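One letter stands for each residue in the lines below.
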Amino acid sequence: MKSLEKFSCALRDAGCHYYTPIRKLGSGSFAKVYLVHDDTRSRQVAIKHLFYKVNNDDDNDEGVPSWVIREIAIHKNIKSHPHIIPLLRLILDLERHQCFLVMEAAGMSLETFLQTDTFLMSWQTQRIQQLLVELLLGVQHLHCNNIVHRDLTPANILVDNDGGRVRIADFGLSRSAFPVDTDSKYTNKVVALLYRAPELLIHKILDGGGSGDEASSNKSHYSTEIDMWSVGCILGEMLLPIQQTEDTAFFNGKDTAYVENPLSTKAQLKCIYTTLSVQEQQCLRRRTATTAMLMGRVAPIHLKATDYFTRLFESEVSLWRDKIATIRRKWINQAPRQQPSLDKLMEVFPLLLRCDPRARVNARDALTRMGENQQVNE
Ligand SMILES: Nc1ncnc2c1ncn2[C@@H]1O[C@H](COP(=O)(O)OP(=O)(O)OP(=O)(O)O)[C@@H](O)[C@H]1O
Ligand SMILES: [Mg+2]
């Protein structure tokens, strides 16, 4: 049976006869998202269909896994905001181990939009600035409300058909930013690899990458700063000229000459290292050494990240100046009135990509630097 038909049946089984599926919008490991006509209100909505295996060991009486409960609870509790996709309704079908998240429908994901002719042919830095500001406003709203998104990627950011109005979606990995228990650690296996902050990569490598190492916990302390790194990666992706390859991410482990698996955590960290400025490279080496020491992975006497990460950090290359020059060259022919927006973007860009999470700009300060008058919107 085709996916649309299956989805129609699943909706009917759950007692929803008033939704007519139109087409599939996207899919992931445990969910599919469809554009649907809501016959009762004569409007289109998007429905995320989540299906799960019952897990009676942990969780609750109904066996609904915690990842499902978390996504629903977080999305449901986010106070309404113009740059967060609203959850309109939740339909639970416990008998068949599925649930439906009914949301407002957006035009497309930012990932798709960045490939359209509209973006490739006619976009200007003023519009990228607008898009960034809206993204930052959404992120600020989440952070002010104690939520780390943990999966900010162009696929999880929605835009209207012309690239206008940004709305953040997919709260499948989101969590509370400041746990009551300050000792709480969270898994370091979050955020799609290409948008993952260096502190998570370093921790995962030192932790043995979850490769069965007895001492490995795969858990670390981190907070809202990991989302800001992802925003920096997304901004880089919008500013750099698109190459004619399928991979457009600003940091892409595949671009490095690292011989191991190009999709590995190590290749991604190597790519970040070779791309950043010399100053940031030093910071990355220092942070790695400190993290290694704190995790008991190297004796203090050998406190040299280069000992531990020799192959990762041996490169003399820093591509940062080249990247910045390429970005400026790309946008240089714009009308003079576009220049101030490029300058603002180029001021915020390196601040989002600071290796030290404490030095990384937060959403509120980034907005101030973009010239946005702050309104507290908790
Ligand atoms: N409200 C919406 N309007 C339009 N398109 C949407 C909407 N929600 C999701 N999509 C599309 O569906 C895709 C998948 O949605 P989402 O990211 O929520 O699920 P997922 O990635 O499958 O979830 P998970 O990461 O939990 O497996 C998005 O990348 C986007 O293209
Ligand atoms: Mg997603």
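Owing to the predicted nature of the structure, the values given are computational and were not obtained by experimental measurement. (Residues numbered from 1 in each chain as written. Chains lettered and ligands numbered in written order. Predicted model: local features only at pLDDT ≥ 70, side-chain atom pairs only at ≥ 80, totals over all residues.)

**A short note on the packing of helix H6 (residues 198-206) against helix H9 (residues 278-294)**
Here is step 1: Between H6 and H9, whose axes approach to 10 Å, the crossing angle comes to 45°. Put simply, H6 runs oblique to H9. The way H6 lies across H9 gives a crossing that is right-handed. Here Pro198, Ile202, His203 and Leu206 of H6 come into contact with H9, specifically with Leu284, Arg287, Thr288, Thr291 and Ala292. (Axes fitted to C-alpha atoms, helices over the stretch in contact; angles between N-to-C directions. Helix = DSSP H or I, 4+ residues; strand = E, 2+ residues; numbered from the N terminus. Parallel < 35°, antiparallel > 145°, perpendicular 65-115°, else oblique. Left-handed = near helix turned anticlockwise from the far one by under 90°. Contact = placed C-beta atoms within 7 Å.)

**Some words on the site of ligand 1**
Here is step 1: Taken together, the neighbourhood of ligand 1 is formed by 21 residues, with Gly26, Gly28, Ala46, Asp170 and Gly172 sitting nearest.
Here is step 2: Elements with a minimum of two residues in the shell around ligand 1: strand E1 (19-27), strand E2 (31-38) and strand E3 (43-51).
Here is step 3: In terms of residue count, E1 provides more of the shell around ligand 1 than any other element does, three residues in total. (Near = placed C-beta within 6 Å.)

**Structural notes on the sheet that holds E2**
Here is step 1: Taken in spatial order, the five strands line up as E1-E2-E3-E5-E4 in an open sheet, and their pairing is antiparallel. Pairing within the sheet leaves two strands with one partner each, and these edge strands are E1 and strand E4 (87-93). Across the sheet, the axes of successive neighbouring strands diverge by a mean angle of 25°, strand direction being ignored.
Here is step 2: Here E1 runs beside E2; their pairing, made up of seven bridges, is antiparallel. Within the sheet, the bridge partner assigned to Lys24 lies in E2 and is Tyr34.
Here is step 3: Against the sheet, helix H1 (residues 3-13) touches E1, E2, E3, E4 and strand E5 (98-104), its axis set at about 125° to E1.
Here is step 4: Along the sheet face, helix H2 (residues 66-77) touches E3, E4 and E5 and points at about 155° away from the line of E4. (Pairing = 2+ DSSP bridges.)

**Points about the sheet that holds strand E9 (residues 166-168)**
Here is step 1: Strand order across the open sheet formed by three strands is E6-E8-E9, with antiparallel pairing between neighbours. Both outer strands of the open sheet, strand E6 (108-109) and E9, are each paired with one neighbouring strand and no more.
Here is step 2: Pairing of E6 with strand E8 (residues 157-159), which is carried by two bridges, proceeds in the antiparallel orientation. Along E8, the bridge assignment pairs Ser109 with Leu158.
Here is step 3: The sheet contacts of helix H5 (residues 125-144) involve E8 and E9, and relative to E9 the element is tilted by about 30°.

**Observations concerning the pairing of E3**
Across a regular strand the side chains alternate sides, sitting on one face of the sheet and then on the other.
Here is step 1: Bridge count between E2 and E3: eight bridges; the pairing is antiparallel. Note that in E3 the partner of Val36 across the bridge is Val45.
Here is step 2: Pairing geometry for E3 and E5, over seven bridges, is antiparallel. By the bridge assignment, Val45 is partnered in E5 with Glu104.

**Points about the nonpolar core**
Here is step 1: Grouped together as the largest cluster of nonpolar side chains are 86 residues, with contacts concentrated most on Leu135, Leu136, Val231, Cys233, Leu235, Leu345 and Leu352.
Here is step 2: Counting residues per element, this core draws most heavily on helix H7 (residues 225-239), at nine residues.
Here is step 3: Mapping this core onto the domain boundaries places at least three of its residues in each of domain 1 (2-104) and domain 2 (108-375).
Here is step 4: Sequence-distant contacts of Leu345, defined by excluding residues within four places in its chain, comprise Thr125, Ile128, Gln129, Leu132, Leu235 and Leu239. (Core = buried A, V, L, I, M, F, W, Y, C linked by C-beta atoms within 7 Å. Buried ≥ 20, exposed ≤ 12 C-beta atoms within 10 Å, placed from the backbone. Domains from an automatic or database assignment.)

**Here we look at H9**
Here is step 1: Between its first and last C-alpha atoms H9 spans 24 Å; for 17 residues at 1.5 Å apiece the expected length is 24 Å, and the two agree.
Here is step 2: Looking at H9, one finds that the buried residues are Glu280, Gln281, Leu284, Thr288, Ala289, Thr291 and Ala292.
Here is step 3: Just downstream of H9, Gly296 is the residue with a positive phi angle, here 70°. (Expected span 1.5 Å × (residues − 1).)

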